[in-house]
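Summary of structural features
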Amino acid sequence: MTAVVRLLLPVVGLAAAVTAWWFLSAGSTSFYFPPLADIAEAFADNWLFERVGSDLAPSLGRFGLGLLGAVVLGVVAGVLLGRAPRLQNAFQPQLEFLRSTPPVLLLPPSLLLFGTGSGMKVFVIALGSVWPILLATITGVRASDSIALDMGRVFGLGRTALLRHVVLPNALPSVVAGIRSALPIAMVLMVVTELVASTDGVGYFILQAQQSYDITDMWSGVLLLGFVGMALSLALAWIERRVQAVVVPTSQGGQKK
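Cut-off values and rules
Residues numbered from 1 in each chain as written. Predicted model: local features only at pLDDT ≥ 70, side-chain atom pairs only at ≥ 80, totals over all residues. Heavy atoms only, no water. Axes fitted to C-alpha atoms, helices over the stretch in contact; angles between N-to-C directions. Helix = DSSP H or I, 4+ residues; strand = E, 2+ residues; numbered from the N terminus. Parallel < 35°, antiparallel > 145°, perpendicular 65-115°, else oblique. Contact = heavy atoms within 4.5 Å. Nonpolar A, V, L, I, M, F, W, Y, C, P; charged D, E, K, R; others polar. Phe/Tyr/Trp six-rings, centres within 6.5 Å; stacked < 30°, edge-to-face > 60°. Buried < 20%, exposed > 50% of the residue type's maximum accessible area, 1.4 Å probe, protein only. Arc of directions from axis to C-beta.

**Considerations on the packing of helix H3 (residues 52–83) against helix H9 (residues 202–211)**
At a minimum axis separation of 7 Å, H3 and H9 run at an interaxial angle of 130°. By the angle between their directions, the pair H3 and H9 is classed as oblique. Where H3 abuts H9, its residues Asp55, Leu56 and Ser59 lie against Val202, Tyr204 and Phe205.

What follows is the structure, encoded as structure tokens:
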């Protein structure tokens, strides 16, 4: 399958789905499922570009800070635990307890600790989406090539140099895959935190539209979240391919030598 075909197939599939939705819903008289034409009109009125600054920008800002915090925490903790199996065994029960706790349950204690501001939302997004990154980092660190590590030690590389030049490059594809897995979790938590005691954000907009029975506006917010999630997923998939294209051939070339 050529690169052009791989690029066109998702576009054709998306176009077919939108076309089918457009014509199948054209004559809809359902209050809860309006025609796509009406939703598209509400989308243009709300998000091109009236509410971008008031609702979309705050949501993306909190999402970005939360995901960034999850990446930093997950990579740092993952490297420490991956390089020290005894340390991981010591903290394994606590990690399993926190990982098994549904992220939504973090809302009540977070509201008590941080109030209803953006800090609470960023904290919940970060803590709820850190686990895929943490586990992927541990796996990537432990999968480091033992031959490359031994060769680095022979050439006199210290722990910091080994970590920088051997361990992290080998773990990078796993870390990027973990971030991609954490992306939808962070999106869900972004919306959920905006449903509780919030005054702005896409989730707040959707809730207000639902409570006022403005169904087309509600669906326009849902449609926006789908577009944003798809764009972020495609961007991370492209980064993942680039990382694998750079790291994997390099490591294979080093093994051949």
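**Observations regarding the packing of H3 against helix H4 (residues 85–100)**
Direction vectors running N to C along H3 and H4 enclose 125°, while the axes themselves pass 6 Å from each other. The angle between H3 and H4 places the two elements in the oblique class. Residue-level contacts link Leu80, Leu81, Gly82 and Arg83 of H3 to Pro85, Leu87, Gln88 and Leu95 of H4. Residue classes in the contact of H3 with H4 are distributed as 5 nonpolar, 2 polar and 1 charged.

**Examining the packing of aromatic side chains**
The final tally for this structure, using the stated rule, is 5 aromatic pairs. Between phenylalanine 31 and tyrosine 32, the aromatic rings sit 5.3 Å apart at their centres with planes inclined by 85°, giving edge-to-face as the arrangement. Overall, phenylalanine 31 belongs to the partly exposed group, its relative accessible area being 46%.

**A few points about H9**
Burial in H9 covers these residues: Val202, Gly203, Phe205, Ile206 and Ala209. What you see down the axis of H9 is that its buried residues fit within an arc of 160°, all on one side. After H9 finishes, the residue tyrosine 213 shows a positive phi value of roughly 60°.

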